[in-house]
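Examining the three-dimensional arrangement
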Amino acid sequence: QVQLVESGGGLVQPGGSLRLSCAASGTLFTINAMAWYRQAPGKERELVAAITRVGNTNYSESVKGRFTISRDNAENTVYLQMNSLKPEDTAVYYCKIGLGFTYYWGQGIQVTVSS
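Residues numbered from 1 in each chain as written. Predicted model: local features only at pLDDT ≥ 70, side-chain atom pairs only at ≥ 80, totals over all residues. Heavy atoms only, no water.

1. With respect to the pattern of salt bridges
As enumerated under the stated definition, the model contains four salt bridges in all. Here Glu61 ties to Lys64 by a salt bridge, and the two come within 2.7 Å at their closest N and O atoms. The exposed category is assigned to Glu61, whose relative accessible area is 63%. Looking at Lys64, the relative accessible area reads 45%, which means it is partly exposed. The network of salt bridges with shared partners includes Arg38, Glu46, Arg66 and Asp89. (Salt bridge = Lys/Arg side-chain N within 4 Å of Asp/Glu carboxyl O. Buried < 20%, exposed > 50% of the residue type's maximum accessible area, 1.4 Å probe, protein only.)

Below you can see the structure in the form of structure tokens.
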């Protein structure tokens with residue numbers, strides 16, 4: 001059994017910052033890739049950023065230069081530092097981890113960017 005707990009979401013003004021965290025617990029072996037996705041109302045879920053176990057990263061074009069993904073392998077935690085937030089970043093954010101050939105999703109956390 002694997003559990004993912006996300007935290008750090010909320011309401012922020014345009015131009016502000018938030019840091020999301022996702023901590024994995026349970027029966028864990030080696031976590032491979034970790035990633036953040038988001039889903040805005042009426043839209044499909046999209047990849048925001050991903051990071052491999054050794055720290056290679058990739059970002060969607062819409063967040064490149066503003067968001068930074070990182071991970072702490074000892075704590076089985078992935079982070080998403082979000083700066084210069086825009087109203088179009090408003091969405092439910094989900095973390096996803098890969099364990100072998102199985103993927104696990106967090107429950108999602110709301111991020112709202114509004115004045």
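Having seen it, we continue.
2. Brief notes about the side chain of Ser60
Mapped onto the secondary structure, Ser60 falls in the loop between strand E6 (57-59) and strand E7 (67-72). Ignoring any residue separated from it by four or fewer positions in sequence, one finds Ser60 in contact with Leu47 and Val48. (Helix = DSSP H or I, 4+ residues; strand = E, 2+ residues; numbered from the N terminus. Contact = heavy atoms within 4.5 Å.)

3. Some thoughts on the side chain of Glu6
Assignment of secondary structure puts Glu6 in strand E1 (residues 2-7). Arg45 provides the closest opposite charge to the buried, unpaired Glu6, separated from it by 8.0 Å. At a separation of 3.4 Å, a polar atom in the side chain of Glu6 contacts the main-chain amide nitrogen of Gln107. At a separation of 2.5 Å, a polar atom in the side chain of Glu6 contacts the main-chain amide nitrogen of Gly108. Apart from residues lying up to four places away in sequence, Glu6 is in contact with Ser21, Cys22, Trp36, Tyr93, Tyr94, Cys95, Gly106, Gln107, Gly108 and Ile109. (Lys, Arg positive; Asp, Glu negative; His and termini not counted. Polar contact = N/O pair within 3.5 Å; in protein donor to acceptor, adjacent residues only side chain to side chain.)

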